[in-house]
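# A look at the structure
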Amino acid sequence: MHESQRLRAVQSPIIPVIADLIRAHPGTISLGQGVVGYGPPPAAAAAIERFLADPANHKYQSVAGIPPLLAALAEKLAAEHGVRVGPGHGNRVMVTAGGNNAFLAALLAIADPGDEVILPTPYYFNHEMAVTMANCRPVLVSTDAGYQLDVAALRAAITPRTRAIVTVSPNNPTGAVYPAATLRAVNALCAERGIFHLSDEAYASFTYDGAEHFSAASLPGSAAHTISLFSMSKAFGFASWRIGWMVLPETLAPALRKIQDTIVICPPVISQYAALGALDAANGGGAAFVFEKLRGIARVRAIVQRELAALAAEDICEVPPAGGAFYFLLRVRTHSAESTSLALAERLIREHGVAVIPGSAFGLDRGCHLRVAYGALAADTAAEGLGRLGRGLRALAT
Ligand SMILES: Cc1ncc(COP(=O)(O)O)c(C=O)c1O
């Protein structure tokens, strides 16, 4: 008895590998996992009382999400991203069990085995894994030296089997924020070639230094070919609650109903109540909650950025601009052929007590890249962690 061929082709997730190494080296400071350090606003817990008050809530609920949450999300999409949803706009919103669940569901809705999905590299590893798991072919297209999209290269990668171009802005693992003009160009390219623009906006709330998030779904005429994925996980400290949402073309609604009904039946209803509470601006949730948290993360980011700039000044690594999410993706200067990013990441944990994620996890097998995540760090831990990283790279990266 053995696993399917399909799963044999899927890469193993890197996070548990790094987590095992961290456990084996107590005291390691983790600049690894892409999470925030806070939980949901208190209004989320209060909303659970309302969930418990109605015994019907223990039964399955609507496949696409509970109506009050769908209404709150429609309002949020319009207010924060200029995205209008509803029958008059050619699209729908559907609650999902997180952004990853939404991505796989979208993929199953639009692609057949053997179809191609274009992923700019570095990619978010679960996207690549999902494409492979769906028996589709990830077509990898490099970004430029600043991790920005190369629209001409994306265009050149389209074949008759292409079903979608995936964009992630703000980006994991690079922190890059794509300008509106670039996303507009990608969206227009998708329309022109009759393919979908699959836009992952899990980090929509996280931009700094004047960078601005742009939702392709806000473009007039985009509804029929744009699928946008959002998540409560990061902005609202909701990672374990498993709530995200998707804006989908009206025409895909029947397919996505089938998929959602088969996989989760309905997104966890207790978490949907909690999400409704978390979005409630009148009770300490909503955009103001996220904004306040973002100020704290921006302070930590400034510490990280200062330390990384010092390493860049010493020519130890390049640090391309990262105006969003909570990542920097370093390009480490190494002269030794065997210093792969995984080997370097392992030595940083074993010998210097600091954990980062190797670029190989994101499809970067040329050069030596390391992702530094700072979303969950207190200021003093960030300073200590970056100090260790600096000492480690000075010692190892030559
Ligand atoms: C780009 C991107 N999309 C989606 C997710 C997963 O989000 P969720 O917890 O909503 O499944 C992550 C988590 O790291 C991510 O980086």
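Quick note: structure is the one above.
To start, this report covers the structure provided alongside it. (Residues numbered from 1 in each chain as written. Predicted model: local features only at pLDDT ≥ 70, side-chain atom pairs only at ≥ 80, totals over all residues. Heavy atoms only, no water.)

### Remarks on the nonpolar core
So the rule is basically this: Take the buried Ala, Val, Leu, Ile, Met, Phe, Trp, Tyr and Cys residues and link them wherever side-chain atoms come within 4.5 Å; each set so joined is a nonpolar core. Each residue is placed in one exposure class: buried if its accessible area under a 1.4 Å probe, protein chains only, is under 20% of its type's maximum, exposed if it is over 50%, and partly exposed if it falls in between.
Core analysis: the largest hydrophobic core is formed by 71 residues, its most contacted members being Phe 206, Leu 389 and Leu 393. Residues Ala 102, Phe 103, Val 131 and Ala 253 belong to the second largest nonpolar core, which totals 42 residues.

### Description of the pairing of strand 5 (residues 162–168)
The following threshold applies: Strands are runs of DSSP state E lasting at least 2 residues, helices are runs of H or I lasting at least 4, and numbering of each runs from the N terminus. Should DSSP find at least two bridges between two strands, the strands are taken to pair. For the handedness criterion, the strands are oriented away from the viewer, and a crossover whose path from the first strand over the helix to the second runs clockwise is classed as right-handed.
Most of strand 5 sits out of view: six of its seven residues are buried. Examined bridge by bridge, strand 3 (residues 116–121) and strand 5 share three bridges and lie parallel to one another. Looking across to strand 5, one finds that Ile 118 is bridged to Ile 165. Pairing analysis gives five bridges linking strand 5 to strand 6 (residues 196–200), with the strands arranged parallel. Bridging across to strand 6, Thr 167 finds its partner in Ser 199. What joins strand 5 to strand 6 is helix 8 (residues 180–193), and the crossover it makes is right-handed.

### Here's the deal with the pattern of salt bridges
Convention followed: We define a salt bridge as a side-chain nitrogen of Lys or Arg found within 4 Å of a carboxyl oxygen belonging to Asp or Glu.
Scanning all chains against the criterion turns up 16 salt bridges. Two residues, Arg 333 and Asp 315, come together in a salt bridge whose shortest N-O distance is 3.0 Å. Here the residue Arg 333 occupies a position in the loop between strand 10 (327–332) and helix 12 (341–352), and Asp 315 occupies one in the loop between helix 11 (286–313) and strand 9 (317–318), the gap between them amounting to 18 residues. Residue class for Arg 333 comes out partly exposed when judged on its relative accessible area of 32%.

### Some thoughts on the sheet that holds strand 12 (residues 357–358)
Here is the rule we go by: Should any heavy atoms of two residues lie within 4.5 Å, those residues are counted as being in contact. All axes are obtained by fitting lines to C-alpha atoms, using only the stretch in contact for helices, and the reported angles, taken between N-to-C directions, cover 0 to 180 degrees.
The antiparallel open sheet is built from four strands, whose spatial order is 9-10-13-12. Looking along the sheet, the strands with just one partner apiece sit at the ends: strand 9 and strand 12. In this sheet, strand 13 (residues 368–373) lies alongside strand 10 in antiparallel orientation, the contact comprising six bridges. Bridging across to strand 13, Val 332 finds its partner in Cys 368. Lying over the sheet, helix 12 contacts strand 10, strand 12 and strand 13, oriented at roughly 50 degrees with respect to strand 13.

### Some points on the site of the ligand
Note the threshold: One heavy atom within 4 Å of a molecule or strand is enough for the residue carrying it to be called near that molecule or strand. What qualifies as a polar contact is a pair of N or O atoms within 3.5 Å, subject to a donor-acceptor requirement within protein and to the restriction that residues adjacent in sequence count only when both atoms come from side chains. Accessibility throughout is a Shrake-Rupley quantity obtained with a 1.4 Å probe, and a residue counts as covered only by protein chains that appear here. Only Asp, Glu, Lys and Arg are considered charged, only Ala, Val, Leu, Ile, Met, Phe, Trp, Tyr, Cys and Pro nonpolar, and every remaining residue, Gly among them, polar.
For the ligand, the set of nearby residues contains 13 residues, the closest of which are Gly 99, Tyr 203, Ser 231, Ser 233 and Lys 234. Separating an oxygen atom of the ligand from a backbone N or O atom of Asn 100 is a distance of 2.9 Å. Contact distances for the ligand include 2.7 Å between an oxygen atom and a side-chain N or O atom of Lys 234. Within the complex, the protein chains bury 92% of what would otherwise be the 400 Å² of accessible surface of the ligand. Taken together, the residues of the shell around the ligand break down into four nonpolar, six polar and three charged.

### Observations regarding helix 13 (residues 379–396)
Defined as follows: Multiply 1.5 Å by the residue count of a helix minus one, and that product is the helix's expected span.
For helix 13, which comprises 18 residues, the first-to-last C-alpha distance of 25 Å matches the rise-based estimate of 26 Å (1.5 Å per residue) to within 8%. Those residues of helix 13 hidden inside the fold are in contact with strand 1 (29–30), helix 11, strand 10, helix 12, strand 11 (354–355) and strand 13.

### Observations concerning the sheet that holds strand 6
One open sheet accounts for seven strands, arranged 2-8-7-6-5-3-4; its pairing is mixed. This sheet does not close on itself; its edge strands, each paired only once, are strand 2 (91–96) and strand 4 (137–142). Averaged over all neighbouring strand pairs, the angle between strand axes comes to 20 degrees, with direction disregarded. Inspection of the sheet shows strand 7 (residues 226–231) paired to strand 8 (residues 244–249) by four bridges, in the antiparallel sense. Within strand 8, the position partnered with Ser 231 by the bridge is Gly 244.

### Here we look at the packing of helix 12 against helix 13
Basically, it comes down to this: Note on convention: the crossing is left-handed when the near helix lies turned anticlockwise from the far helix by less than a right angle, right-handed when the turn is clockwise.
Interhelical geometry of helix 12 versus helix 13 gives an angle of 115 degrees and a closest axis separation of 10 Å. As helix 12 packs across helix 13, the resulting crossing turns out to be right-handed. Listed contacts from helix 13 to Leu 344, Arg 347, Leu 348, Glu 351 and His 352 of helix 12 are Arg 388, Leu 389, Arg 391, Gly 392, Leu 393, Ala 395 and Leu 396. Residues that form the contact of helix 12 with helix 13 fall into these classes: six nonpolar, two polar and four charged.

Remember that the coordinates give geometry; whether it matters functionally is a separate question.
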